[in-house]
Amino acid sequence: MRQGTQGSADTGTPWAAAAASASPSLPASAPTSPAAAAAGKPAGSARVPRQAGEVRGEHTHSEPAAPVAPRARPVVQRASVRGQILDALRAALVAGDLRPGEVYSAPVLGERFGVSATPVREAMQQLALEGAVEVVPNRGFRVVERGVRELAELAEVRALIEVPVMLRLARTVPAERWAELRPLAEATVRAASSGCRATYAESDRGFHRAVLSLSGNAQLVQIAEDLHRRAQWPLVGSGRGVRARADLLADAHEHTALLDALAARDLAVVRALVGEHFAGAGALG
């Protein structure tokens, strides 16, 4: 994306032409100066008006110049560009378009997205902080290879954080509030039906975010979402196809079952569903 550059000053500005045409003629009764008499000019001779487009002489500096309004510069919001690229790279990770173990350079990815290498590099550095990629000096960024053990560890941490919160919400949140979240659960089923892992991942996080937001703890919601995002990255050797779509659908239907258990305040079912959901959420490839 290129920012427009401001051109040089216009030498034929409209205010200069207006100033040239606005100079008054000498009145007919003006007295003759000694210099004019020596040149043989009669007293009170009329001044010949200028023709259109005639350039003024050296005395134009005595007339004040009209100010030139500065041209408005286009504003490029770099942060929004980087954010869009970051979202696109995250979706590519979940979809498997960025393969584990492969090295990707910022200029090459920039050409793919139609932007310069700078916002891509900034987005990749954010992904490096999140643990999705690692920096390879003078080459680019390598997508981190994850195994089953890491996925199991993420599931354990998520369960330690979210299960107690959901059990507390099951005791305190009225049933009508859970009914309000049912459209989000149904949206995850539709997203799973599309077979697109990236689309489902976004919808899945949206549902869990809405559930945990009922706790009123913004820090908990943020930490849980970061862990959830990491659990959605594909494993080494994971594939895509009919099996993956079936797993997505099974995972999505657990959302509606969880809402039913929360509304019924069935704590045993809530505990079991959340544990199973976390254990299988990342192994969708």
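### A few points about the overall build of the protein chain
Stage number 1. Looking only at helices and strands, one finds 12 helices and three strands in the protein chain.
Stage number 2. The buried share of the protein chain, reckoned over its 285 residues, is 34%.
Stage number 3. Restricting the contact set of the protein chain to residue pairs at least 6 apart, pairs at least 24 apart contribute 73%.
Stage number 4. Surface exposure of the protein chain reaches about 17,000 Å², of which carbon and sulfur atoms provide 55%.

### Observations regarding the side chain of Ser215
Stage number 1. Among the secondary structure elements, Ser215 is positioned in the loop between helix 9 (197-213) and helix 10 (218-231).
Stage number 2. By relative accessible area, Ser215 is classed as buried at 17%.
Stage number 3. At 3.3 Å, the side chain of Ser215 and the backbone nitrogen of Asn217 are in polar contact.
Stage number 4. Not counting residues up to four positions away in its chain, the partners in contact with Ser215 are Val165, Arg168, Leu169 and Leu220.

### A few points about the sheet that holds strand 2 (residues 133-136)
Stage number 1. Read across the open sheet, the three strands follow the order 1-3-2; overall the sheet is antiparallel. Taken across any chain shown, the strands that pair with only one partner, and hence form the sheet edges, are strand 1 (103-104) and strand 2.
Stage number 2. Summarising the sheet, strand 1 and strand 3 (residues 140-143) pair through two bridges and their orientation is antiparallel. Note on strand 3: the bridge partner recorded for Val103 is Arg142.

### Topic: the pairing of strand 2
Stage number 1. Looking at chain direction, strand 2 and strand 3 are connected through four bridges and run antiparallel. Residue pairing in the sheet places Glu134 in a bridge with Arg142 of strand 3.
Stage number 2. Between strand 2 and strand 3, which follow one another and run antiparallel, lie three residues, and Asn138 among them has a positive phi close to 65°.

### Quick word on the side chain of Thr256
Stage number 1. As for its placement among the helices and strands, Thr256 is situated in helix 11 (residues 242-264).
Stage number 2. In this structure, Thr256 is in contact with Arg182 and Ala185, ignoring residues within four places of it in sequence.

### Points about the environment of His255
Stage number 1. Tracing the backbone through its elements, the reader meets His255 in helix 11.
Stage number 2. A sequence separation of 70 residues divides His255 from Ala185, and the C-alpha atoms of the two residues are 5.5 Å apart.
Stage number 3. Not counting residues within four places of it along the chain, the set of residues in contact with His255 comprises Ala185, Thr188, Tyr200, Asp204, Phe207, His208 and His277.

### What about the confidence of the model for the protein chain?
Stage number 1. On average, residues of the protein chain carry a pLDDT of 77, and 67% of them reach 70 or more.
Stage number 2. Residue range residues 68-77 is modelled with pLDDT below 50. Its contacts to residues more than four positions away, or to other chains, number seven contacts.

Scoring rules and cut-offs
- Residues numbered from 1 in each chain as written.
- Predicted model: local features only at pLDDT ≥ 70, side-chain atom pairs only at ≥ 80, totals over all residues.
- Heavy atoms only, no water.
- Helix = DSSP H or I, 4+ residues; strand = E, 2+ residues; numbered from the N terminus.
- Buried < 20%, exposed > 50% of the residue type's maximum accessible area, 1.4 Å probe, protein only.
- Contact = heavy atoms within 4.5 Å.
- Areas by Shrake-Rupley, 256 points an atom, 1.4 Å probe, with all protein chains shown as cover.
- Polar contact = N/O pair within 3.5 Å; in protein donor to acceptor, adjacent residues only side chain to side chain.
- Pairing = 2+ DSSP bridges.
- pLDDT = per-residue confidence, 0-100.

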